[in-house]
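So the chains spell out like this:
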Amino acid sequence: MNTDDVTPRAETVETGAGTARVTWLDAPAPRLVLALGHGAGGGIEARDLKALGAALPAHGVSVALVEQPWRVAGKKLAPAPKTLDTGWRGLWPALAAAGPPVVAGGRSAGARVACRTAAELGARAVLALSFPLHPPGRPEKTRADELLGCGVDALVVQGGNDPFGNPAEFPPGDYRITEVPYGDHGFSVPKRSGLTEERAMEILTASVAGWLADLK
């Protein structure tokens, strides 16, 4: 299937935190839904979210790109984690209504939301993109407990130069981790690395597609 043939469809969902929006990229015969939330500093236009939305429908995975209510409302600053969780919980029934099992995912702050709520919402697994293990330069302020406590299968995809935690900093646990070499928190790679952005996204999407294929 050519990914150019996938026509996005938008759905608005009322939540306890306001109106959320889901942009669906549907697989023809989906076996999974991958719900992806954005970070605190951007939206669903992030390069990794766009790349997964383009690649995964061909692998039998419908992608739901989730915009939190604060973003839909045009605000520039994300609210507290508790409010983000409220928004995610409120739109979950719309994700589950598609039929296939739902994998909860997101990048940065969206990854934290997915981890914190996965078990209670019945997520099949968690995909954590650029998980912010700690604030830059503050490794003692770890958020590892959110990842380690997610209670379901999990994959972390992390840039090799992510100031919020590079792969070597992650503690042992019952999850997989894949490195995008030289990548920063947004998976941007320096030209001097010899790795193109296109290749970085190929590493990311292939890793996620393979992991999702292994989920039973």
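Residues take numbers from 1 onward in each chain, read along the sequence in its written order. Restriction of local features to residues with pLDDT of at least 70 applies here, the model being predicted, together with a cutoff of 80 or more for giving and counting side-chain atom pairs; totals for whole chains, interfaces and linings are based on all residues. With hydrogens and water excluded, all non-hydrogen atoms of the structure serve as input to the side-chain values.

**Topic: the environment of Leu148**
Counting through the fold element by element, Leu148 comes out in helix α5 (residues 144–148). The spatial distance from the C-alpha of Leu148 to the C-alpha of Cys115 is 8.5 Å, given a sequence separation of 33 residues. With residues up to four places along the chain from it excluded, the contact list for Leu148 reads Pro171, Pro172, Gly173 and Tyr175. Numbered from the N terminus, helices here are DSSP runs of H or I no shorter than four residues, and strands are runs of E no shorter than two. Contacts are residue-level and defined by heavy atoms, with any inter-residue pair within 4.5 Å sufficient.

**A word on the packing of helix α1 (residues 47–55) against helix α6 (residues 197–214)**
Two elements in contact, α1 and α6, have axes whose closest approach is 10 Å; the angle formed by their N-to-C orientations is 60°. Taken together, α1 and α6 sit at an angle that is classed as oblique. Handedness of the crossing formed by α1 with α6: right-handed. In contact with Arg47, Asp48, Ala51, Leu52 and Ala55 of α1, α6 contributes Glu197, Met201, Leu204, Thr205 and Val208. Charged means Asp, Glu, Lys or Arg here, nonpolar means Ala, Val, Leu, Ile, Met, Phe, Trp, Tyr, Cys or Pro, and polar covers whatever is left, Gly included. A per-class count over the contact of α1 with α6 returns six nonpolar, one polar and three charged. Angles here are taken between N-to-C directions and fall from 0 to 180 degrees, while the axes themselves are lines fitted to C-alpha atoms, restricted in helices to the stretch in contact. In this scheme, roughly parallel covers angles under 35 degrees and roughly antiparallel covers those over 145, while 65 to 115 is roughly perpendicular and the rest are oblique. The hand of a helix crossing depends on one turn: near helix anticlockwise from the far one by less than a right angle means left-handed, and clockwise means right-handed.

**Focus: the state of the cysteines**
Working definition: a disulfide is two cysteine sulfur atoms within 2.5 Å of each other. Counting across every chain of the model gives zero disulfides. Here Cys115 is not disulfide-linked; the sulfur of Cys150 is the nearest cysteine sulfur, at 5.1 Å. Each residue gets one of three labels from its accessible area relative to the maximum for its type: buried under 20%, exposed over 50%, partly exposed in between, using a 1.4 Å probe on protein chains only. Take Cys115: its relative accessible area is 2%, and that puts it in the buried class.

**A word on the sheet that holds strand β8 (residues 176–180)**
Strand pairing within a sheet occurs via backbone hydrogen bonds; the two strands may be parallel or antiparallel. Any two strands with at least two DSSP bridges between them are considered paired. With respect to topology, eight strands assemble into an open sheet ordered β1-β2-β4-β3-β5-β6-β7-β8, the strand pairing being mixed. The open sheet has two edge strands, β1 (9–15) and β8, and neither has a second partner. In this sheet, neighbouring strand axes are inclined to one another by 20° on average, regardless of whether the strands run parallel or antiparallel. Pairing of strand β6 (residues 125–129) with strand β7 (residues 153–159) involves five bridges; the strand directions are parallel. Bridging from a neighbouring strand, Ala128 pairs with Val156 of β7. The sheet strands contacting α1 are β2 (18–25), β3 (32–37), β4 (61–67), β5 (102–107) and β6, and the helix crosses β6 at an angle near 135°.

**Describing the nonpolar core**
Only buried residues count toward a nonpolar core, which is a set of Ala, Val, Leu, Ile, Met, Phe, Trp, Tyr and Cys residues joined through side-chain atoms within 4.5 Å. By size, the foremost hydrophobic cluster in this structure holds 35 residues, and its most contacted members are Trp88, Leu95, Val126, Phe131 and Leu147. A total of six residues in this core trace back to one element, the largest contributor, which is helix α3 (residues 81–96). If you look at the next biggest cluster of nonpolar residues, it comprises 33 residues, including Ile44, Leu52, Ala125 and Trp211.

**Remarks on unusual backbone geometry**
A positive phi angle, close to 70°, is found at Tyr182, a residue other than glycine. Secondary-structure assignment places Tyr182 in the loop between β8 and α6. One non-glycine residue, Phe187, lies in positive phi territory at about 65°. By secondary structure assignment, the location of Phe187 is in the loop between β8 and α6. Judged by its relative accessible area of 0%, Phe187 is buried.

**Description of the pattern of salt bridges**
Just to be clear on terms, a salt bridge is a Lys or Arg side-chain nitrogen sitting within 4 Å of an Asp or Glu carboxyl oxygen. Taken as a whole and judged by the stated rule, the model has 13 salt bridges. Where Arg116 meets Asp85, a salt bridge forms, and the shortest distance between an N and an O atom there is 2.9 Å. Of this pair, Arg116 sits in helix α4 (residues 109–121) while Asp85 is found in helix α3, placing the two residues 31 residues apart along the sequence. Relative accessible area serves as the criterion here: at 24%, Arg116 is assigned to the partly exposed category. What makes Asp85 buried here is its relative accessible area of 7%. Between Glu202 and Arg199 there is a salt bridge, and its shortest N-O distance comes to 3.3 Å. Here Glu202 and its partner Arg199 are both found in helix α6, three residues apart, which amounts to about one turn of the helix. Take Arg199: its relative accessible area is 41%, and that puts it in the partly exposed class. Linked by salt bridges that have partners in common, Asp85, Arg112, Arg116 and Glu146 make up one network.

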